[in-house]
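Spelled out from the first residue to the last, the chains are:
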Amino acid sequence: MKSHTIVYKGFFRVYTALLRHKLFRGGWSDWIEREVVDRGHAVVVLPYDPKRDSIIMLEQFRVGSVHVLGAPERHASQPEASPWLLELVAGMVDAGETEEAVAHRELNEEAGLKADQLDYVMSYSSSPGGLTERISIFIASVDATTASKYGGLASEHEDIRVTEMPRSEAIALLAEGYIDNAATVIALQWLELNKERLLLKWELQ
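Calculation criteria
- Residues numbered from 1 in each chain as written.
- Predicted model: local features only at pLDDT ≥ 70, side-chain atom pairs only at ≥ 80, totals over all residues.
- Heavy atoms only, no water.
- Helix = DSSP H or I, 4+ residues; strand = E, 2+ residues; numbered from the N terminus.
- Buried < 20%, exposed > 50% of the residue type's maximum accessible area, 1.4 Å probe, protein only.
- Contact = heavy atoms within 4.5 Å.
- Areas by Shrake-Rupley, 256 points an atom, 1.4 Å probe, with all protein chains shown as cover.
- Lys, Arg positive; Asp, Glu negative; His and termini not counted.
- Charge placed at Lys NZ, Arg CZ, Asp CG, Glu CD.
- Phe/Tyr/Trp six-rings, centres within 6.5 Å; stacked < 30°, edge-to-face > 60°.
- Lys NZ or Arg CZ within 6 Å of the ring centre and 35° of its normal.
- Pairing = 2+ DSSP bridges.
- Axes fitted to C-alpha atoms, helices over the stretch in contact; angles between N-to-C directions.

## With respect to the overall build of the protein
Okay, so step 1: A count of helices and strands for the protein gives 3 helices and 11 strands.
Okay, so step 2: In the protein, the succession of helices and strands from N to C terminus is β-β-β-β-β-β-β-α-β-β-β-β-α-α.
Okay, so step 3: Oriented by its inertia axes, the alpha-carbon framework of the protein measures out at about 55 × 40 × 35 Å.
Okay, so step 4: A buried classification covers 36% of the 205 residues belonging to the protein.
Okay, so step 5: Long-range contacts, defined here as pairs at least 24 residues apart, represent 60% of the contacts in the protein between residues at least 6 apart.
Okay, so step 6: In the structure as shown, the protein presents an accessible area of about 12,500 Å², 53% of it carried by carbon and sulfur atoms.
Okay, so step 7: On the protein, the mean spot of the 21 positive side-chain charges and the mean spot of the 31 negative ones are 7 Å from each other.

## Focus: the packing of aromatic side chains
Okay, so step 1: Considering all chains together, one arrives at 4 aromatic pairs under this definition.
Okay, so step 2: Judged by centre distance (5.3 Å) and plane angle (65°), the rings of phenylalanine 61 and tryptophan 84 are edge-to-face. Of this pair, phenylalanine 61 sits in strand S5 (residues 54-61) while tryptophan 84 sits in strand S6 (residues 84-87), and the two are 23 residues apart along the sequence.
Okay, so step 3: What makes phenylalanine 61 partly exposed here is its relative accessible area of 42%.
Okay, so step 4: One residue, arginine 20, lies across the ring of tryptophan 28, its end atom 5.2 Å from the ring centre.

## Let's talk about unusual backbone geometry
When glycine is set aside, most residues are seen to have a negative phi, and most peptide bonds are trans.
Okay, so step 1: Look at aspartate 53: it is not a glycine, yet its phi comes out positive at around 50°.
Okay, so step 2: With respect to the helices and strands, the residue aspartate 53 is situated in the loop between strand S4 (42-49) and S5.
Okay, so step 3: You can call aspartate 53 partly exposed: its relative accessible area is 25%.

## Observations concerning the sheet that holds strand S2 (residues 13-19)
Okay, so step 1: The strand order S1-S2-S3 describes an open sheet built from 3 strands, whose pairing is antiparallel. Because the sheet does not close on itself, it has two edges, and the strands there are strand S1 (3-9) and strand S3 (32-38). Sheet twist, expressed as the mean angle between neighbouring strand axes with direction ignored, is 25°.
Okay, so step 2: With 6 bridges joining them, S1 and S2 adopt antiparallel strand pairing.

Encoded structure:
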């Protein structure tokens, strides 16, 4: 990388990078200028109650899903778009904070929950073509009956509705396209693939 210049600093930071990279066929590419959004890294937690076979889902407003701001039209087979999304617990990682600490903090702030077990699932780059963000997914064993009805911090302009949902219903909503944000899709699919192994692990701990 030849240069790295911040061009905007607000809720996110945007910088331009001038760089070149090695080519598969040998040699180097031309110099390329790209804009990159630096929004930090995030943790997502799937709160699962194994006794009730239910998931705690959150519903909140997301500005990136407002159609007038440029969100693309959905496929004809998909439900009507809405900026109020069904999601899981999530939060940004502050400097010097561990991902596990973020998971516990956000479970409490957003859903009023405490994790009896907390397992790391995976991490992934959310959109590496233009974002630096990496998201880590955890799954937490919780008592769904202790969840709050509403969550979030007013100081962060969070307005969250908390709902306990049977796992089968969440998977049905996923299949029907009502749940369409990446972290929630990935976490629910992981649970479907690994539920039996996960329950066995939790029972042994």
